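What the coordinates show
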Amino acid sequence: RTGQWFASRTYGVTPDLTTFAKGATSGYQPLGGVVLSRDVCDALERDPSYVFRHGHTYSGHAASCAACLANIRIMEREGLVDRANTVGERLSAGLRKLAERGDVREVRGVGALWAARLNGD
């Protein structure tokens, strides 16, 4: 939604942990995950006897993983990540006009992710 695959890239942040969920499958199947930085991974692997135990009854479900892969292919084929900026330009222009007219108090956003602060009265 911000014009990058992950918002951390939009803001120039290098996270230790990155989580993802609904966007991976567009909500058609339950799937989420955590991507670790090399530093975090090294810390976990430092003790060879340590086992990172995690999971749920639906973890790694083949249907969810297939939905994720299909969804990523669609997003790449249709240029949806890049298109967020084009959509955002149109959205921000309309929202800014509303703010200029006083219909909303404030607008802010990035890419296709925008918010409007409503007037209190």
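The structure displayed is predicted, hence computed values, not measured ones. (Residues numbered from 1 in each chain as written. Predicted model: local features only at pLDDT ≥ 70, side-chain atom pairs only at ≥ 80, totals over all residues. Heavy atoms only, no water.)

The next thing to look at is the overall build of the chain. Helix and strand content of the chain: 5 helices and 4 strands. Its helices and strands taken in sequence order, the chain reads α-β-α-β-α-α-α-β-β from the N to the C terminus. Taking 2.2 N^0.38 as the reference for a compact globule, 121 residues should give roughly 14 Å; the C-alpha atoms of the chain span a radius of gyration of 19 Å, well beyond that estimate. Overall, the C-alpha framework of the chain stretches about 65 × 30 × 30 Å when taken along its three principal axes. At a minimum sequence separation of 6, the contacts of the chain that also span at least 24 residues come to 41%. About 9,400 Å² of surface is accessible on the chain, with carbon and sulfur atoms providing 53% of the total. The positive charge centre, built from 16 side chains, and the negative charge centre, built from 13, are 6 Å apart in the chain. (Helix = DSSP H or I, 4+ residues; strand = E, 2+ residues; numbered from the N terminus. Rg over C-alpha atoms; globule rule 2.2 N^0.38 Å. Contact = heavy atoms within 4.5 Å. Areas by Shrake-Rupley, 256 points an atom, 1.4 Å probe, with all protein chains shown as cover. Lys, Arg positive; Asp, Glu negative; His and termini not counted. Charge placed at Lys NZ, Arg CZ, Asp CG, Glu CD.)

Time to look at the pattern of salt bridges. Evaluated as defined, the whole model comprises 6 salt bridges. Measuring nitrogen to oxygen at the nearest pair gives 2.4 Å for the salt bridge that ties Arg101 to Asp103. On the accessibility criterion, Arg101 (63% relative accessible area) is exposed. One salt-bridge network, in which partners are shared between bridges, spans Arg38, Asp42 and Glu45. (Salt bridge = Lys/Arg side-chain N within 4 Å of Asp/Glu carboxyl O. Buried < 20%, exposed > 50% of the residue type's maximum accessible area, 1.4 Å probe, protein only.)

Structurally, the position occupied by Ser92 is in helix 5 (residues 80–101). Looking at Ser92, its side chain comes within polar contact range of the main-chain oxygen of Glu89, at 3.1 Å. (Polar contact = N/O pair within 3.5 Å; in protein donor to acceptor, adjacent residues only side chain to side chain.)

With that settled, the discussion passes to unusual backbone geometry. At Ser26, a position not held by glycine, the phi torsion is positive, near 55°. Position of Ser26 relative to the elements: it lies in the loop between helix 2 (22–25) and strand 2 (33–36).

Okay, helix 5 next. For an α-helix, 3.6 residues make a turn, and residues three or four places apart therefore share a direction. In a regular helix each residue adds 1.5 Å, so 22 residues correspond to 32 Å; helix 5 covers 31 Å between its end C-alpha atoms and thus fits that length. Those residues of helix 5 lying buried are Val81, Ala84, Gly88, Ser92 and Leu95. For helix 5, the elements touching its buried residues are helix 4 (62–77), strand 3 (106–110) and strand 4 (113–117). Taken from the residues just after helix 5, Gly102 is the one with a positive phi, measuring 85°. (Expected span 1.5 Å × (residues − 1).)

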